[in-house]
Amino acid sequence: MEESVRELPKWTKDIKTYGVEIVASPEEVLKRADVIMVMSVDGRAHREQLQAVLKAGKRVYVGRPLAASLADTVEIFRSAEQSKTPIFSCSQHRFSPGFIGMRNHEDVGDVIGCDVYGGCPREPHHPDLFWHAIHGVETLYTIMGAGVRVRDAPLRRTPPTW
């Protein structure tokens, strides 16, 4: 994807400032790491990229989007469950101090509801909320906490067990 190609040199430079060593292959990363982060922008690649990680049983975080289809999402969670590998995926908005702080901000008071909106650019190969729209959903959950309801429909806080 154009975004990956364009941003990779910047991301590589930034991550090196934290003392992260860049190695020659994913296999080398698996040998050296206890926890894996799959951060490629294109969710279509994640199912294949996760195969070796799940086979190795390494805990893994997958940056958004987890996948580009429901079928791949189901298969990723099924494979993780079969290999007994902990896996997690979310938008970084879940951990934004500004959003987290809204829940108990003294100037705001008790939050009993909120409207969240954000950009929703589309990619033809990432349908529905698989692309940037997940950021708004994560923001809503971060501010409202567990049990948030949208249009009287309870939302899940954890992925279903397959």
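Figured I'd write up the structure that's included with this text. (Residues numbered from 1 in each chain as written. Predicted model: local features only at pLDDT ≥ 70, side-chain atom pairs only at ≥ 80, totals over all residues. Heavy atoms only, no water.)

**Focus: the overall build of the protein chain**
Test applied: In this description a helix means any DSSP run of H or I spanning at least four residues, a strand means any run of E spanning at least two, and both kinds are numbered starting from the N terminus. To sort residues, take the accessible area from a 1.4 Å probe on protein chains only and compare it with the maximum for the residue type: under 20% means buried, over 50% means exposed, and anything in between is partly exposed. Between two residues, a contact is recorded if the distance between any of their heavy atoms is within 4.5 Å. Residue-level accessible areas treat just the shown protein chains as cover; the underlying method is Shrake-Rupley with a 1.4 Å probe.
What the protein chain contains, in helices and strands, is 6 helices and 5 strands. Moving toward the C terminus, one meets the helices and strands of the protein chain in the order α-α-β-α-β-α-β-α-α-β-β. The 162 residues of the protein chain split such that 28% are buried. Across the protein chain, contacts joining residues at least 24 apart in sequence account for 61% of those joining residues at least 6 apart. Total accessible area on the protein chain is roughly 11200 Å²; 56% of this is exposed by carbon and sulfur atoms.

**Remarks on the sheet that holds strand β1 (residues 35–38)**
Applicable threshold: We treat two strands as partners when DSSP finds at least two bridges between them. Note on method: axes are straight lines fitted to C-alpha atoms, helices fitted across the in-contact stretch only, with angles between N-to-C directions ranging 0 to 180 degrees.
The 3 strands lie next to each other as β1-β2-β3, forming an open sheet whose pairing is parallel. Edge positions in the open sheet fall to β1 and β3 (87–90), since each of these has one partner strand only. Taking each pair of neighbouring strands and ignoring which way they run, the sheet shows an average axis angle of 15°. Two strands pair when backbone bridges link them, and strand β2 (residues 59–63) and β3 are joined in this way by 4 bridges, in the parallel orientation. In the strand pairing of β3, Val60 is matched with Ile87.

**Looking at the pattern of salt bridges**
Formally: A side-chain nitrogen of Lys or Arg and a carboxyl oxygen of Asp or Glu constitute a salt bridge if their distance falls within 4 Å.
Summed over the entire model, instances satisfying the criterion amount to 9 salt bridges. Between Lys10 and Asp14 there is a salt bridge, with the nearest N and O atoms lying 3.4 Å from each other. You can see Lys10 and its partner Asp14 sitting in helix α1 (residues 2–16), 4 residues apart, about one turn around the helix. Taking the relative accessible area as the measure of exposure, Lys10 reaches 45% and is therefore partly exposed. Glu21 serves as the salt-bridge partner of Arg32, at 2.7 Å between the closest nitrogen and oxygen. Of this pair, Arg32 sits in helix α2 (residues 26–32) while Glu21 sits in the loop between α1 and α2, placing them 11 residues apart in sequence. With relative accessibility at 49%, the residue Arg32 sits in the partly exposed group. Via salt bridges that share partners, Glu21, Glu28, Lys31 and Arg32 belong to a single interconnected network.

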